[in-house]
Amino acid sequence: MKTGKVDVLLGLQWGDEGKGKVVDVLTPKYDVVARFQGGPNAGHTLEFEGQKYVLRSIPSGIFQGGKVNIIGNGVVLAPDLFMDEAKDLEKSGHDLKERLHISKKAHLIMPTHRILDAAYEAAKGKNKVGTTGKGIGPTYTDKVSRNGLRVGDILENFEEKYAAHKARHDKMLKALNYDYDITEVEKKWMEGIEYIKQFHIVDSEHEINNILRSGKDILCEGAQGTMLDVDFGSYPFVTSSNTICAGACIGLGIGPNKIGEVYGIMKAYCTRVGAGPFPTELFDETGAKIRDLGHEYGAVTGRERRCGWIDLVALRYSIMVNGVTQLIMMKSDVLDGFDKIKACVAYKQNGKKIDYFPYDIEEGIEPVYEELSGWNADMTKFTSEDQFPQAFKDYINFLEVQLETPIKIISIGPDRDQTIVRK
Ligand code: GDP
Ligand code: IMO
Ligand code: MG
């Protein structure tokens, strides 16, 4: 009997590559879409039929064909934010109660986790990570230190369990001298707990493997990006989960031998939101122009994204640790109006040229660029790759050679339809 396959789609840079858009585009090819890590720190934007949606905890496969979507065990879930997100979707005609399944093993983000997130950031002062403030770090810390509260816990004696965890957090916050008041937030959070009970709360690892056994295919949707991975990213300026392909095995309970395609998503340039190293960051008017044309402001926090040229050293590293089989290039249209485009092909570290992503990425890194011609053409209405200007074709070829991986999909605008699948 044919078993189904699992393909993984993930970001190769510092997040916000356009994962949401592409998951939506690819969903018709799959039976199920699943999130495997992260939480409401994600903001995945989709646009179609003149509507725009930003998803945080809900997978981006919910809009196409009534497919089942799964929130896996590797995800951290904030019930209040989840309730807001799901109710908004309900209002716009998408009731997900029957087809959004939530893992019992997913950990809950408590209101005090968010307070702890803020308290730790404040304690770090100028070294702060610039987190999204959603309690991600403290929730994963509790998980790993075996102190977490899981979705499955809401089904029995929940109040008691919650109170014990809250008391522990309260002691930690007192030790940090951090004043807080969660009275209102907590009320809504508890409403969120009741709301979640209306969804299918499942043993997702069993469900997923049964789906595969029945010959159906699954698309795993990554959040954040490889350079934010807790092991391989620009530590400590990272998120608290494994964003790489292996994270899909852990965050869903899938054997590594089940993974097929690994779609790596990158922008035609590079952005980062929050603090930490970013070798190709531009502080000049070119950076401002990219921000402007690319509307580079955070989908969740509204924060200005830092912008720069594409970094092929970092991308080669990301392709390596993920085993990327094909690339998807997003926001190509944002570079439509540039005479010259640069790509970072190596770094100089303290005067020495290196072509790999070093351990001490913060120390004296200077990008080495190759300059390419811009195409100065509006690509946003193109419908086939034959229409691409020669200079853009040259850019694609250059990237494919440098990255030793084919670029199979090109995105030329935020809308679902502004997507070109190459022959
Ligand atoms: P994600 O977190 O990886 O899903 O990405 P975000 O949604 O945070 O950020 C990507 C932003 O770029 C969103 O505002 C998208 O609507 C937009 N976008 C996606 N693809 C394209 C594209 O090809 N061109 C342009 N101009 N915008 C795009
Ligand atoms: P999507 O899925 C971009 C960044 C934060 C901060 C660091 C740690 O939309 O691509 P956290 O709140 O996770 O503890 O913050 O990671 N960050 C993201 N940056 N896109 C994201 O998600 C991000 N999620 C977290 O800005 O630097
Ligand atoms: Mg985003």
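Right above here is the structure, for reference.
Along each chain, residue indices are assigned from 1 in the same order as the chain's sequence is written. Ligands are numbered from 1 and chains lettered from A, in the order in which they are written. The predicted nature of this model means local features are confined to residues of pLDDT at least 70 and side-chain atom pairs, given and counted, to a pLDDT of 80 or more, with totals for whole chains, interfaces and linings taken over all residues. Neither water nor hydrogens contribute to the side-chain values; these are computed over all heavy atoms in the structure.

Novice: Help me get a handle on the coordination of the magnesium ion (ligand 3), residues and values and all.
Specialist: Keep in mind that water is not among the atoms, so a site may look incomplete; donors are the N, O and S atoms within 2.8 Å of the metal, or 3.2 Å for Na, K and Ca. Within the first shell, the magnesium ion (ligand 3) binds the protein through Asp16 (OD) and Gly43 (O), at distances of 2.0 to 2.2 Å. Within this pair, whereas Asp16 is found in the loop between strand 1 (6-11) and helix 1 (19-26), its partner Gly43 is found in the loop between strand 2 (32-35) and strand 3 (44-48), the two being separated by 27 residues in sequence. Here a strand is any run of E in DSSP of at least two residues, a helix any run of H or I of at least four, and the numbering for each starts at the N terminus.

Novice: For the site of ligand 1, give the residues involved together with the corresponding values.
Specialist: Nearness is judged by heavy atoms alone; a residue qualifies as near a molecule or strand once a single heavy atom is within 4 Å of it. Neighbouring residues of ligand 1: 19 residues in total, closest Gly18, Lys19, Thr45, Asp333 and Ser411. Glu17 is positioned such that a nitrogen or oxygen atom in its backbone is 3.1 Å from an oxygen atom of ligand 1. Any pair of N or O atoms that falls within 3.5 Å is considered a polar contact. Within protein, one atom must be able to donate a hydrogen and the other to accept it, and sequence-neighbouring residues count only if both atoms are side-chain atoms. Between ligand 1 and Lys19 there is a distance of 2.7 Å, counted from an oxygen atom to a backbone nitrogen or oxygen. For ligand 1, the protein covers 93% of the area, taking 590 Å² as the surface of the free molecule. Of all the secondary-structure elements, those providing two or more residues to the shell around ligand 1 are helix 1 and strand 3. Each accessible area value is a Shrake-Rupley result obtained with a 1.4 Å probe; residue values ignore everything except the protein chains displayed when judging cover.

Novice: Could you give me a rundown of the side chain of Asp333, with the residues and numbers involved?
Specialist: By the secondary structure assignment, Asp333 is in the loop between strand 15 (326-330) and strand 16 (340-349). Among buried charged residues, Asp333 stands out as having no salt bridge; its nearest opposite-charge side chain is Lys21, 7.3 Å away. For Asp333, the contacting residues outside a window of four places in its chain are Met379, Thr380, Ser411, Ile412 and Gly413. Only protein chains enter the area calculation, which uses a 1.4 Å probe; residues under 20% of their type maximum are buried, those over 50% are exposed, and those in between are partly exposed. In this tally, Asp and Glu contribute negative charge and Lys and Arg positive charge; neither His nor the terminal groups of the chain are included. A pairing counts as a salt bridge when a side-chain nitrogen of Lys or Arg comes within 4 Å of a carboxyl oxygen of Asp or Glu. Any two residues having at least one pair of non-hydrogen atoms within 4.5 Å are treated as being in contact.

Novice: Please give an account of the site of ligand 2 that cites residues and values.
Specialist: Close to ligand 2 lie 21 residues, the nearest being Asp16, Lys19, His44, Thr132 and Thr239. Within the side chain of His44, a nitrogen or oxygen atom sits 2.7 Å from an oxygen atom of ligand 2. Thr132 has a polar side-chain atom sitting 2.6 Å from an oxygen atom of ligand 2. Burial of ligand 2 by the protein chains amounts to 98% of its free accessible area of 550 Å². Polar here means any residue other than Ala, Val, Leu, Ile, Met, Phe, Trp, Tyr, Cys and Pro, which are nonpolar, and Asp, Glu, Lys and Arg, which are charged; Gly is therefore polar. For the shell around ligand 2, the class distribution of residues is eight nonpolar, 10 polar and three charged.

So, to be careful, I would describe these as geometric facts and stop short of saying anything about function.
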